[in-house]
Amino acid sequence: MKQSKWGMVVDLDKCNGCQACVVACQSENNIPLQKKSDYDENRVIQWIRVERYWEGSFPDVKAKFIPIMCQHCDEAPCEPVCPVFASYHNNEGLNVQVYNRCIGTRFCANNCPYQVRFFNFWEAEWPDSLKNQLNPDVTVRSRGIMEKCTFCVQKIRRTKRDAKVNGFEVEDGAREINPACVNSCNTEALIFGDMNNPESKISRIKAKEGKKDGRGYHLMEHYGTSPNVLYLKKIDNSKKTKSH
Amino acid sequence: MKKIKNNLIFTERVIERSLGKVPVNKELINIHNRKRGNTFNLFLYITAFLSVIGVVGIILRIMNGFDDMSAWSYYVTACMFIFTTFMGAPMFSMATKVARGNWRRPISRMSEIFCISGIAGLIFFIPILWVLPSLEDGRKTLWFFDPGKVPAYSPHIWTTLALIGFVLTALTLLWLNARPDFAILRDKSKGKSKIYSFLAHGWVGSTHQWGALRDRVSVLGIFYFMLLLTVLYFFASDFLMALIPGWVDSLYPVTLSHNAIQGGVAILTIAVFIMWKWGGYQNFIGLDQLWGLGKLLFGISLLWFWFFISSLMVLWYGKKPNERDVLQLLMFGKYLPIFIFTFFFVCIVPFFSLTLDSIRKSYYGPPIIAISVLIGNFLDRFRHYGSAYSLDRTIDDATHRFASLPDIVIPNMVDLMVIFGAVSMPLFFILIISKYVPVISLWENREYLLYGSHEKYYKTEVLVEGKPY
Amino acid sequence: MQEHQQLSDSEITEDLTAPVIRSARWFWSVVGSLGFIMLVGISGYIYELYSGLGVTGVQRPVYWGAYITNFVFWIGISHAGIMVSAILRLTQAEWKRPITRAAEVLTLFSLIAALSNIMFHVGRPWRIYWITPLPPIFIGFDFARGIWPNVRSPFVWDPVAVGTYLLSTILFVYTCLIPDIALVRDKVKAGPAKIIYSILALGFRGTPRQWKVQGTAPILLSALVLPIFVSVHSIVSWDFAVSIAVEGWHSTIFAPYFIIGAIHSGVSGVVTLMAGLLWLYKLDKYIKPDHFDAIGRLLVVVATIWFFALFLEWVYALYPLEDPEIALRNMQVSQPPWSYLFIVFLLTGFFIPVGAWLFKSVRRNPMWMFFTTILVNIGMWLERFLIIVPGLSRRTELSFNWGTYTPSLVEIGLVAFTFAFVICGVLVFARIFPLIPPFDIKEGMRFRHVIKIGKKNISAVVRE
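Residues numbered from 1 in each chain as written. Chains lettered and ligands numbered in written order. Predicted model: local features only at pLDDT ≥ 70, side-chain atom pairs only at ≥ 80, totals over all residues. Heavy atoms only, no water.

### Brief notes about the overall build of chain B
Argument step 1. For chain B, the count of helices and strands is 20 helices and 4 strands.
Argument step 2. A compact globule built from 469 residues should have a C-alpha radius of gyration of about 23 Å, and chain B, at 24 Å, falls within 12% of that.
Argument step 3. Expressed along its principal axes, the backbone C-alpha trace of chain B runs to roughly 80 × 50 × 40 Å.
Argument step 4. Counting over 469 residues, chain B shows a buried share of 58%.
Argument step 5. Taking contacts inside chain B between residues at least 6 apart in sequence as the whole, the part at least 24 apart equals 79%.
Argument step 6. Of the side-chain charges in chain B, 44 are positive and 29 negative, and the distance between the mean point of each set is 12 Å. (Helix = DSSP H or I, 4+ residues; strand = E, 2+ residues; numbered from the N terminus. Rg over C-alpha atoms; globule rule 2.2 N^0.38 Å. Buried < 20%, exposed > 50% of the residue type's maximum accessible area, 1.4 Å probe, protein only. Contact = heavy atoms within 4.5 Å. Lys, Arg positive; Asp, Glu negative; His and termini not counted. Charge placed at Lys NZ, Arg CZ, Asp CG, Glu CD.)

Here you go:
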């Protein structure tokens, strides 16, 4: 069987900016609780964040939402600059962060055009009541370490191991292998899958929308990072009603 | 100490002369005034003939039309070659005057004579103004945000102005520095005195005139340097970088200026060698001069590598698609053989050979290495200008990359005529004016008699040099 | 030099070893106050070690702040040593004599200050040794099972370059120091000090062969250290220039631009140091207005070339007409506080000092040189800050992520620490070893000649 290459599709036509993905990611990956002081200090850690842009002026204002997570670029600019190899590319196409190797130079964060890398400025603290909620499959990071979206690599590993041990094939779109954000999206705006499997949903979407006149595009393509996240443009119906 | 006596040929003879044995000026004037031999006349006729061929080549190239830019690749290369070799040579005189090395004195006039090549450069430059596309052609400009708001031919205008200023400054510098010599020749010779008295323009050698000379030469020298950098900045940006979409290299104007200085030192080395070997100036040009030029060439070639690596590191590391394309065009793609030869001739050969004492501290070593540097310089110019002018500037919308990369243009007959003309025309002008401008500066070498002397120093003899300022 | 004072050997020895033999009156109070500043800074660092990098002003997206600025600044100052010492040695300039050792010592301490800034900057400094290639069978230390550092990262090239530079500076300082340690050894009374100086002097007795070697060694070291001069700051500049994602960083001119800036900043630092030493140690006989005049003229040339490089950087940043870059430069020029910092930077870095240095009376006055060169270094610190921080505020199309930065008290304290450390280091060094090399000055006296031409006396120098 061919090696998997994981990718994601974000359908901006379906995203309504509810941020369920942000919450799900935080619970799944032991992300520290973000306090008000973190927002004031501009040090919020959100492995997936929903950016909201206003378009137009009153009374024709529109909000545009775009969830941005690590794009797991094939030519990731964050990888060559880490002095200790804490950021590297694994053979399933994921850009992986090795927490116990990171010494916190923050060079990778500078080099990321999508600004998806986050630094632990403080030691994370959970109140006793929430300590049982921590996910045992995911490292709890101390201060001084960079972290970012991993496409929930712990779930991918666990599912593949279970499949191998118990002898079943991993289904495309199975909830066990999907990242937490994909599972939590109520409009199915996030789609995750194996791009090396031509039958998977993501491959079919890529084939259809990835063409020149399709809705698919990559963020900041001129950097040449070859991201593995495909965004589908929002279908704008308002143009039909414009008078001029 | 034997070492002093063998290497400092110049100063020893100076001392002999200062003791009244042979006057400096008389010997220099005699060499300058002697009838030119057959070899000199032969070269004069050859360079004249090739210059005419060059002019014919220019006319033929113009007649072929300005539409096909790739046909002009070799033409632009040849013109830029003039500016990055011949016009870099006077920098030696300016820079060493500031650094106050006395070993420059026999050769500073030779470097100033190269100023006359500016005229040849200007002649070759003028047709290029019609080749370069205007700003309305979708081509970027360095200066203003909105190309629609400036005259479409602005780059052409300001480059021409800068170039004319540059050539005028160069010619003025040559004349100013040679003026005391014209006065000496006017006084010492009969028969030719009409020309020399016209050129000397009332020089009497008063204190005021000497002071004014020093001030004007230093100010104009600074202007020469700034104008060289300015002209090469335009040649690097409007005439080169703007034609390769996606190539943003803030270092390249500086690199081009450095390459010009390297070419200038190289061609000066060859000129000094020729004057030493066949010009009859053995008593004045010594090992010190060629050794000093060899050391300069060594350092400058090392710097070539540094400028090259600075550009390459930034363009290569980030793997941006447009930068990868530019590197493909200039280095790793079809122009790879040219790049390899460039790197070999202009960096590897000078650096590794000039580390050896036997090559650097010799009469024949630096000139031979200088030939290698000039070949490499020409190839470097071709690599940049040839590829830029033959590039199809359309960008593929989907991939944001060049639609196609150009092949290496094969030179045809007209191109060869132009290249030979471009190399010969400056030489022709130099040979002509060398009949009137003394190739070794009379007044500067006489000035040194006042500064340098050999003194007894404990049990040995040392050279003592005055430092008036 | 025009004004020349021929001094006797014993006078030179007496004057220049005096600071070593007994402390000046101001010594302990100055060193004490600098030590206090250092203590305040270190306590700030202990707080940072305890709590985490949150105590700094660094935030997303401006992940690099005052520490990296300070790192680049001190690397810049460190180029003083090579410029003054190596290049002036190779061009045989006579006016280098009083200033070579002071410049090299300034380099030594500024390199240590620069490296310390890296330690302040990383998130887990107790693991910073992972940047070095330690062999896998290192007993007793835990580390990552034989994984070597990533040689593609500029942060690995940095310690190699800076470490090489530090090592060569130590060698340079020590080699050129040997005759003077011998001099002090002979002057000091018997005791532990004399024993230490005797060991350090390596048995230098002043025989002709020893002097011959002593003459060749600095020239060789100068030639060998020149590639380091070019490569160290180029490599530090590539920390920024190789980044494609930060506006204002991806420029090929960064390597020469930083080096010229370093020469500008470093030579100005040397002038500040010389003027300070002239005042503190009353060295009027050794440091003359002529020295300041010569350095001033060098600085005008260097500053102008630097300004040209700054101009090129701006022009080519705007040339592609990309929105993020235009937004960044717009912010730089029109939005406070960046616009204020920018104007201050231009005035103090170039216009005021160079304008002043065009006048000979300013160049020859140590006090004016002191103040104008301090202005230059304020400007150059701001220059590094304005290169690093505005670009990191990321004026990209993803305007949701635009950020800003203000240095915190801890960062200010540690920056002050580095300044106090360097000044204190130089002063303590001057207390232990002679800072103006007596043997060099004595050699200069011997090389002095006068040529009479008519009524004019021209000072002359022996050329070897």
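### Re the overall build of chain A
Argument step 1. Scanning chain A for helices and strands turns up 7 helices and 10 strands.
Argument step 2. For 244 residues, the compact-globule estimate of 2.2 N^0.38 gives 18 Å, and chain A sits close to it at 19 Å.
Argument step 3. Along the first, second and third principal axes, the C-alpha atoms of chain A reach 60 × 50 × 40 Å.
Argument step 4. The burial tally for chain A puts 54% of its 244 residues in the buried class.
Argument step 5. For chain A, long-range pairs separated by at least 24 residues make up 64% of all intrachain contacts whose partners lie at least 6 apart in sequence.
Argument step 6. Of the roughly 11,700 Å² of accessible surface on chain A, 52% is carried by carbon and sulfur atoms. (Areas by Shrake-Rupley, 256 points an atom, 1.4 Å probe, with all protein chains shown as cover.)

### Quick notes on the pairing of strand E10 (residues 229-232) of chain A
All names here are of chain A.
Argument step 1. Side chains Val 229 and Tyr 231 project from E10 onto one buried face, and the interleaved Leu 230 and Leu 232 project onto a second face that is buried too.
Argument step 2. Where strand E1 (residues 6-11) meets E10, 4 bridges bridge the pair, whose relative direction is parallel. Counted as the bridge partner of Asp 11 is Leu 232 from E10.
Argument step 3. For strand E9 (residues 216-217) and E10, the ladder comprises 2 bridges, and the chain directions are antiparallel. Within E10, the position partnered with Gly 216 by the bridge is Leu 232. (Pairing = 2+ DSSP bridges.)

### A look at the interface of chain C and chain B
Argument step 1. Residue-level contacts link 40 residues of chain C with 45 residues of chain B.
Argument step 2. Taken together, the two surfaces of chain C and chain B that pack against each other cover about 4,000 Å², and 69% of this comes from carbon and sulfur.
Argument step 3. The three residues of chain C that bury the most area against chain B are C:Thr252, C:Tyr316 and C:Tyr319, which together make up 21% of that side's buried surface.
Argument step 4. For the pair chain C and chain B, the number of links is 0 salt bridges.
Argument step 5. Inspection of the region where chain C meets chain B yields 10 residue pairs in polar contact (both at pLDDT 80 or more). (Buried area = accessible area lost by both parts, 1.4 Å probe. Salt bridge = Lys/Arg side-chain N within 4 Å of Asp/Glu carboxyl O. Polar contact = N/O pair within 3.5 Å; in protein donor to acceptor, adjacent residues only side chain to side chain.)

### Some points on the interface of chain C and chain A
Argument step 1. Counting residues at the interface gives 53 residues for chain C and 46 residues for chain A.
Argument step 2. In total, chain C and chain A occlude about 4,100 Å² of area from one another, counting both sides; carbon and sulfur atoms represent 54% of this.
Argument step 3. A per-residue breakdown of the area chain C buries against chain A is headed by C:Arg60, C:Tyr63 and C:Arg124, which together make up 18% of the total.
Argument step 4. At the surface where chain C touches chain A, the tally comes to 0 salt bridges.
Argument step 5. The interface formed by chain C and chain A includes 34 residue pairs in polar contact (both at pLDDT 80 or more).
Argument step 6. At the level of elements, helix H2 (27-51) and helix H5 (154-187) of chain C are the ones that each hand at least two residues to the side of chain C that touches chain A.
Argument step 7. With 4 residues, H2(C) is the largest single contributor of residues to the side of chain C that touches chain A.
Argument step 8. Taken together, the residues that form the side of chain C that touches chain A break down as 29 nonpolar, 15 polar and 9 charged. (Nonpolar A, V, L, I, M, F, W, Y, C, P; charged D, E, K, R; others polar.)

### Some remarks on the confidence of the model for chain B
Residue and element names in this part refer to chain B.
Argument step 1. Per-residue confidence for chain B gives a mean pLDDT of 86; residues scoring 70 or more make up 91%.
Argument step 2. Confidence drops under pLDDT 50 across residues 1-22; counting only partners more than four residues distant or on other chains, this segment forms 31 contacts.
Argument step 3. In the model output, the complex is listed with pTM 0.92 alongside ipTM 0.91. (pLDDT = per-residue confidence, 0-100.)

### Things to note about the pattern of salt bridges
All names here are of chain A.
Argument step 1. Under the defined criterion, the tally for this structure stands at 46 salt bridges over all chains.
Argument step 2. In this structure, Lys 201 and Glu 188 form a salt bridge, with 4.0 Å as the shortest nitrogen-oxygen distance. On the criterion of sequence distance, the pair formed by Lys 201 in helix H7 (residues 201-209) and Glu 188 in the loop between helix H6 (180-184) and strand E8 (190-194) is long-range, its members being 13 residues apart.
Argument step 3. The exposure class of Glu 188 is partly exposed, given its relative accessible area of 48%.
Argument step 4. Here Lys 208 and Glu 209 are joined by a salt bridge, their closest N and O atoms 3.7 Å apart.
Argument step 5. Lys 208 sits in the exposed class, given a relative accessible area of 58%.

### Comments concerning a nonpolar patch on the surface
Argument step 1. Taken together, the side chains of B:Val52, B:Val55, B:Val56, B:Ile59, B:Leu60 and B:Met63 define a hydrophobic patch exposed on the protein surface, amounting to about 510 Å² of accessible area.
Argument step 2. Along the chain, the position of B:Val55 falls in helix H4 (residues 38-63). (Patch = residues over 30% accessible without salt bridge, like charges linked within 9 Å, V, L, I, M, F, W, Y side chains within 5 Å.)

### Some points on the environment of C:Asp239
Argument step 1. By the secondary structure assignment, C:Asp239 is in helix H7 (residues 208-241).
Argument step 2. Taking the C-alpha atoms as reference points, C:Asp239 and C:Tyr47, 192 residues apart in sequence, are found 28 Å from one another.
Argument step 3. In this structure, C:Asp239 is in contact with A:Phe107, C:Trp64, C:Phe71, C:Pro154, C:Phe155 and C:Asp158, ignoring residues within four places of it in sequence.

### Considerations on the sheet that holds E8(A)
Argument step 1. If you trace the 4 strands from one edge of the open sheet to the other, you get E8-E1-E10-E9 (chain A), paired in mixed fashion. The open sheet is flanked by E8 and E9 of chain A, the only strands paired with a single partner.

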